[in-house]
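Each chain is listed here by its residues.
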Amino acid sequence: MSTATLTPAPAASGRSTAVRDSLTMLRRNIKHMQRYPAMTISIIVMPLLFLLLFVYVFGGAIGTGTLGPGTTRDDYINYLVPGIIVMTAASGAVATAVSVCTDKTEGIINRFRTMSISRGAMLSGHVLGSTIQVTAVLVLITGLAVAIGFRPDASVVEWLAAAGLLVFLALGLSWLCAGMGMNAKTVESASNGPLPLTLLPLMGSAVVDPDSMPSGLRWFAEYQPFTPINETVRGLLMGGEIGNNGWIALAWCAGLSLFGYWWALRAYNKTVKR
Amino acid sequence: MSTSTTAPAAITALGLRKSYGDKVVLDGIDLTIPKGSIFALLGPNGAGKTTTVEILSTLIAADSGKAQIAGYDMVEQAERVRKSIGVTGQFSAVDNLLTAEENLMLMADLNHLPKAEGRRRTADLLERFDLTEAAKKTAATFSGGMRRKLDLAMTLVAAPGIIFLDEPTTGLDPRSRRIMWDLIRDLVRQGTTIFLTTQYLEEADQLADNIALLDHGKLIAEGTADELKRLIPGGHVRLQFADAAQLAAAASVFGVATSDEESLTLQIPSDGSTTNLRAILDVLDTTEVHAESLTVHTPDLDDVFLTLTGRPKTDDPAHLPHQPKESAR
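Each residue is numbered by its place in its chain's sequence as written, counting from 1. For naming, the first written chain is A and the first written ligand is 1, with later ones following in the order written. In view of the model being predicted, local features appear only for residues whose pLDDT reaches at least 70, and side-chain atom pairs are presented and counted only at 80 or more, with totals across whole chains, interfaces and linings using the full set of residues. In computing side-chain values, all of the structure's heavy atoms are included and hydrogens and water are not.

Here's the deal with the overall build of chain A
Then comes step 1: Secondary structure elements follow DSSP: runs of H or I no shorter than four residues count as helices, runs of E no shorter than two count as strands, and numbering proceeds from the N terminus. For chain A, the count of helices and strands is 12 helices and zero strands.
Then comes step 2: The N-to-C order of helical and strand elements in chain A reads α-α-α-α-α-α-α-α-α-α-α-α.
Then comes step 3: Exposure is judged per residue with a 1.4 Å probe applied to protein chains only, and the accessible area is read against the type maximum: over 50% gives exposed, under 20% gives buried, and values in between give partly exposed. For chain A, the residues scored as buried account for 50% of the 274 residues in total.
Then comes step 4: Here, residues are in contact when the closest pair of their heavy atoms is within 4.5 Å. Taking all contacts inside chain A whose residues are at least 6 apart in sequence as the whole, residues at least 24 apart take part in 80%.
Then comes step 5: Using the Shrake-Rupley algorithm and a 1.4 Å probe, accessible areas are obtained, with residue cover drawn only from the displayed protein chains. Put simply, chain A shows about 12,100 Å² of open surface, and 68% of that area lies on carbon and sulfur atoms.
Then comes step 6: Positive and negative side-chain charges of chain A, numbering 19 and 13 respectively, have mean locations separated by a distance of 22 Å. Charge convention: Lys and Arg are scored as positive, Asp and Glu as negative, and His as well as the terminal groups of each chain are ignored. Just so you know, the charge point we use is NZ for Lys, CZ for Arg, CG for Asp and CD for Glu.

See the structure below:
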């Protein structure tokens, strides 16, 4: 004997439900970005400051040291900007950790978990939203770089390849940060967790050639994920040797995405308390 | 009360247990809640109320025990259970950056309602919960009472047959509390089953068809409010006198009374009926003893709790009149 309840919607197939729920969550997160633009502004400001600082303050001095005597500030801009662009992708991901952790601590996650929603949808919504946000910031920073003298030498295919890699990087780092956000106890610690990620490119080939570093740091610079990514983006935009770096960069992005996804979802399925 | 015992059960639970480390939170809970009734789980902070809700709403797994919600096994068919229930937790679960309307539409979308239907239910709930004026404001600007109403409205978008309300009125002012109570009563009139937890005895008394008292992870009593009140000694009338002479005079007339020389009061057993009260007043009149004041004390659930646990419902050790009789474990 079944009393008629209004419970809607015969269960759609798992995959289409997952996509639909993720898009619903994405719309929610885009509204968040509109209502709370401070976060977007903060992820624009940092790479912008680094760009201006390294071009105008350090540029003259570092340029000659890195690229050899006789190089100008303009030559250094062309070396620097691909590094700054990679930093932009990294610093944007921080926002994911904060927004995911906010959901977790404000209790709305428990509402989602007691509803019949595809399990990864809330997290996918955050990650996709953050990736879109970072992509927009990347376009802005690249445009500004061109305005102050960045002169890339890339075909359309190379531009697309570079853009694809950067979006993939943003996606991978967002998933990693979603994992950090889900596993952080407070929003404050969630916002501190990813900070090293935004500085890591500096300890690679983002602003100077690692050959100028002491041997220990040089070794680290060579094997850390941002160096091959940086070298690939630089190679694509400015021409020059990419070698294995392209594949290593893709592998890092895939690895970050998979690990972050697993780590975040595991916490989502376990989390209960405020 | 009016709930028929033959109604099919909305929720049944058998032997639910849960521990966190050494701390036993639930120590074997059995429940049967008929469809369309309000069930109140009553107990002090830390009794295990929220844990019970978390288990039955599929948020956490029990260490052992079984439960069926809307006929579905809470572990094997968790997804079906989630489709049948709505949960409004103790801590508000609204999206602060979205407006009231957007919060409700979010729920409609996540429940895969067609857009038009989602909009219809949203408008309907805003109206019913008196939130129409606040529809376009973000939830961050809401007062505690409005937030709680929005929270419940969000739960109702999917029109679930079973609703869990974990301390729905904790922290609300008396007026907001009344409003919540009316909303809850409305729901049951429409056939919804409600599982309510509360630490307010009055709330359980006001709303619930059946009440279970939870203390240290165990159910210590279960029944209707009236059945529970019958578990404790009857009520009394309390007379206050101006001086010891008056008290002594009154005490000598009323045979079965307890007098307290210190507070100058006399307690006379009474069922609180008007006949009984008139009889008492008549006796006072004829003996020309003057009572300063008269209070009628009918047993309430506070007395039940006190009688069953040997301590008041607050867990504050400073208020313990004496230690519980049963051995601690």
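Remarks on the confidence of the model for chain B
Residue and element names in this part refer to chain B.
Then comes step 1: In the predicted model, chain B carries a mean pLDDT of 85, and the fraction of residues at 70 or more is 91%.
Then comes step 2: Each residue carries a pLDDT value, the predictor's own confidence for that position, ranging from 0 to 100. Low pLDDT, under 50, characterises residues 1–5; the stretch is placed with six contacts to residues that sit more than four places away or in other chains.
Then comes step 3: For the stretch residues 313–329, pLDDT sits under 50, and the model shows 20 contacts to residues farther than four places along the chain or on other chains.
Then comes step 4: The ipTM assigned to the predicted complex is 0.84, against a pTM of 0.80.

A few points about the packing of helix 7 (residues 156–183) of chain A against helix 11 (residues 226–238) of chain A
A packed helix pair is summarised by two numbers, namely the angle formed by the two axes and the spacing between the axes.
All names here are of chain A.
Then comes step 1: Only the contacting stretch of a helix is used when fitting its axis, a line to C-alpha atoms as for every element, and angles between N-to-C directions run 0 to 180 degrees. Two numbers describe how helix 7 lies on helix 11: the axes approach to 8 Å, and their chain directions differ by 160°. Overall, the two elements helix 7 and helix 11 adopt an arrangement that is roughly antiparallel. At the point where helix 7 passes helix 11, the crossing takes the left-handed sense. From helix 7, Glu158, Trp159, Ala161, Ala162, Leu165, Leu166, Leu169 and Leu173 reach across to helix 11, where they touch Phe226, Ile229, Thr232, Val233, Leu236 and Leu237.
Then comes step 2: Gly falls in the polar group here, along with every residue not listed as nonpolar (Ala, Val, Leu, Ile, Met, Phe, Trp, Tyr, Cys, Pro) or charged (Asp, Glu, Lys, Arg). The residue makeup of the contact of helix 7 with helix 11, split by class, is 12 nonpolar, one polar and one charged. Each angle gets one of four labels, with under 35 degrees taken as roughly parallel, over 145 as roughly antiparallel, 65 to 115 as roughly perpendicular, and the rest as oblique. Helix crossings are classified by the rotation of the near helix relative to the far one: an anticlockwise turn of less than a right angle makes the crossing left-handed, while a clockwise turn makes it right-handed.

Some words on the environment of Ile85 of chain A
Residues and elements named next belong to chain A.
Then comes step 1: Mapped onto the elements, Ile85 comes out in helix 4 (residues 73–105).
Then comes step 2: Look at Ile85 and you get buried, because its relative accessible area is 2%.
Then comes step 3: Sequence separation between Ile85 and Val45 is 40 residues, and the spatial gap between their C-alpha atoms is 13 Å.
Then comes step 4: Excluding anything up to four places from it in sequence, Ile85 contacts Leu138, Thr142, Leu166 and Leu237.

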